[in-house]
Amino acid sequence: MRVVLLWVLMALPLRAQGDQAGVFDYYVLSLSWSANWCAYEGDARNSDQCDARHDHGWILHGLWPQYHRGFPEYCRTSERAPSRVMTRDMADIMGTSGLAWHQWKKHGVCSGLSATDYYALSRKAYEQIARPTVFRKLDKTIKLPAAVVQDAFLQSNPGMEADGVTITCRQGYIQEARICLSRDLEPVPCGQDVVRDCAMKDALFTPMR
């Protein structure tokens, strides 16, 4: 019994750190291909992000504080929650104001920044990464190896190393490109728990709507 209790107590500190805003090692910038998300989830939700009037390609899913192992979430913070205007103003790169709010509530509170500064940093990170334009030229759904998407990001961002970007899949689709950045937004290697490259050779990639 004592051995079990000791094991549990030893496991607690890593998780407990997640409650402390501003304590983390690096960021993960998560970029989602909007049309793929709409195909496997967004259309069923009737999300405004999927409306044909938009021109979304790679959107900002979030900027996530990360430990070298694990990550904080829902940290306690004295910073004020973002206003509706602030979340609405992020919808151009995040798809919806609802996603902007959720990302602050779960991840932004752990950055140690105010909501204004967190959104500004998120936008800066999003804009400094060159998003491959080749995928915007698709006119039909294709199948491709996930590694092709990673190579496209590496070619578009010469300062980025292969261990600093990982591609994820979901329900047979390319889901996200996750790019690891320092607190100063410089490219850094991803932690082992982040590097979970999709190994699919025939992942679906849907054209913009």
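Preceding this paragraph is the structure being described.
A few points on the structure. As the structure is a computational prediction, the values presented were derived from the model and not from experiment.

Rules of the game
Residues numbered from 1 in each chain as written. Predicted model: local features only at pLDDT ≥ 70, side-chain atom pairs only at ≥ 80, totals over all residues. Heavy atoms only, no water. Helix = DSSP H or I, 4+ residues; strand = E, 2+ residues; numbered from the N terminus. Polar contact = N/O pair within 3.5 Å; in protein donor to acceptor, adjacent residues only side chain to side chain. Phe/Tyr/Trp six-rings, centres within 6.5 Å; stacked < 30°, edge-to-face > 60°. Buried < 20%, exposed > 50% of the residue type's maximum accessible area, 1.4 Å probe, protein only. Lys NZ or Arg CZ within 6 Å of the ring centre and 35° of its normal. 1 Å grid on protein atoms, 1.4 Å probe; cavity = no way out; pocket = protein on both sides within 12 Å on 5 of 7 lines; lining within 4 Å. Points joined across faces, edges and corners; volume = space filled by probe spheres on them. Nonpolar A, V, L, I, M, F, W, Y, C, P; charged D, E, K, R; others polar. Core = buried A, V, L, I, M, F, W, Y, C linked by side-chain atoms within 4.5 Å. Contact = heavy atoms within 4.5 Å. Pairing = 2+ DSSP bridges.

**Topic: the side chain of Ser122**
Argument step 1. With respect to the helices and strands, the residue Ser122 is situated in helix α6 (residues 115–128).
Argument step 2. A polar side-chain atom of Ser122 sits 2.9 Å from the main-chain carbonyl oxygen of Tyr118.

**Topic: the packing of aromatic side chains**
Argument step 1. Under the criterion given, the structure shown has eleven aromatic pairs.
Argument step 2. Residues Phe24 and Tyr27 carry aromatic rings whose centres are separated by 4.9 Å and whose planes lie at 55° to one another, so their mutual orientation is tilted. Judged on exposure class, the residue Phe24 and its partner Tyr27 are both buried.
Argument step 3. Here Trp33 and Phe135 contribute two aromatic rings whose centre-to-centre distance is 6.4 Å and whose plane-to-plane angle is 65°, an arrangement assigned as edge-to-face. Residue Trp33 is located in strand β1 (residues 26–33), and its partner Phe135 is located in the loop between α6 and β3 (142–144); the two are separated by 102 residues in the primary sequence.
Argument step 4. One aromatic cluster is present, built from ring pairs that chain together Trp33, Trp58, Phe135, Phe153 and Phe205.
Argument step 5. Over the face of the ring belonging to Tyr126 we find Arg131, whose NZ or CZ atom lies 3.9 Å from the ring centre.
Argument step 6. When the ring centre of Phe24 is taken as origin, the NZ or CZ atom of Arg183, which lies over that ring, is 3.9 Å away.

**A few points about empty space enclosed by the protein**
Argument step 1. Overall, the coordinates contain one cavity of 30 Å³ or more when judged by the stated rule.
Argument step 2. Around the largest cavity sit Ser34, Ala35, Cys38, Gln49, Cys50, Asp51, His54, Asp55, His56, Met208 and Arg209, which together line it.
Argument step 3. For the lining of the largest cavity, the per-class residue count stands at four nonpolar, four polar and three charged.

**Digging into the nonpolar core**
Argument step 1. Leu29, Leu31, Trp58, Val149, Ile174 and Ile179 are the most contacted members of the largest nonpolar core, which totals 45 residues.
Argument step 2. A per-element tally of this core places α6 first, with six residues.
Argument step 3. Ignoring any residue separated from it by four or fewer positions in sequence, one finds Ile179 in contact with Tyr27, Val28, Leu29, Leu31, Ile129, Phe153, Met160, Gly164 and Val165.

**Section: the pairing of strand β5 (residues 173–181)**
Argument step 1. The element β5 is extensively covered by neighbouring structure, given that eight of its nine residues are classed as buried.
Argument step 2. Relative to β5, β1 runs antiparallel, the two sharing six bridges. Note that in β5 the partner of Tyr27 across the bridge is Leu181.
Argument step 3. As judged from the six bridges shared by strand β4 (residues 165–170) and β5, these two strands associate in the antiparallel manner. Looking at the pairing, Ile167 lines up with Ala177 of β5.
Argument step 4. The hairpin formed by β4 and β5 contains two residues between the paired strands, and Gln171 there has a positive phi angle of roughly 50°.

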